[in-house]
Amino acid sequence: RENLFGEIVNGVVRLNRFGQLVERCWLEIPDHFAHCTLDEFILMPNHLHGIIFIHDSEAIRKEIQNNTQPQSGHPNGTKTGSLGAIIQNFKSTSTFRINRLRQVQGVQIWQRGFHDRIVRDEAELHQKREYIVNNPLQWALDKENPDNAMR
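Residues numbered from 1 in each chain as written. Predicted model: local features only at pLDDT ≥ 70, side-chain atom pairs only at ≥ 80, totals over all residues. Heavy atoms only, no water.

Draft legend 1. Seen up close, empty space enclosed by the protein. The final tally for this structure, using the stated rule, is one cavity of 30 Å³ or more. Of the voids in this model, the largest cavity is the one considered here, and its volume is about 40 Å³. As for the largest cavity, its lining consists of Cys25, Glu28, Ile29, His32, Asn89, Phe90 and Thr93. If you list the elements that add at least two residues to the lining of the largest cavity, you get helix H2 (29-32) and helix H4 (83-102). If one sorts the elements of the lining of the largest cavity by residue count, H4 sits on top with three residues. The residue makeup of the lining of the largest cavity, split by class, is three nonpolar, three polar and one charged. (1 Å grid on protein atoms, 1.4 Å probe; cavity = no way out; pocket = protein on both sides within 12 Å on 5 of 7 lines; lining within 4 Å. Points joined across faces, edges and corners; volume = space filled by probe spheres on them. Helix = DSSP H or I, 4+ residues; strand = E, 2+ residues; numbered from the N terminus. Nonpolar A, V, L, I, M, F, W, Y, C, P; charged D, E, K, R; others polar.)

Now the structure itself:
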């Protein structure tokens, strides 16, 4: 819950060097997962909101076929190309880079798991985009804001 990525000033996110690094990791997601594209996103001081489109395409089938990582021994392990795999990769990469910059090892940056929602239609997509864009304006009331007296 630490405000590790920056601050909100007058409703605008000001990213610090860790936030800029995390933002770059987020924007690199399509470079590693050809079957997805990014939509609206906002990196807040201590969390991120974003929309990822996952396309059912030949790219994901090739990605799964070319996967050289050993499969999890668990029947419910993260599936290659899934949203879980995408977020796991993003969190792992950004954590590694931040820890390297801080000259520490093994320090956890992100909470375990993530919240997801399937967007079912254009109206809901528009609503989610609006929420993301306006999120910094609501920071004073945000339950993730450690300075929020209403927590």
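From this point, the discussion proceeds with the structure in view.
Draft legend 2. Spotlight on the layout of surface pockets. Counted as a void, the largest pocket has a volume near 1,500 Å³. For the largest pocket, the lining is made up of 39 residues, of which Leu48, His49, Gly50, Phe114 and His115 are closest to its centre. Those elements that provide at least two residues to the lining of the largest pocket are strand S4 (48-54), H4 and helix H5 (122-134). At seven residues, S4 tops the list of elements feeding residues into the lining of the largest pocket. Of the residues assigned to the lining of the largest pocket, the class counts are 19 nonpolar, nine polar and 11 charged.

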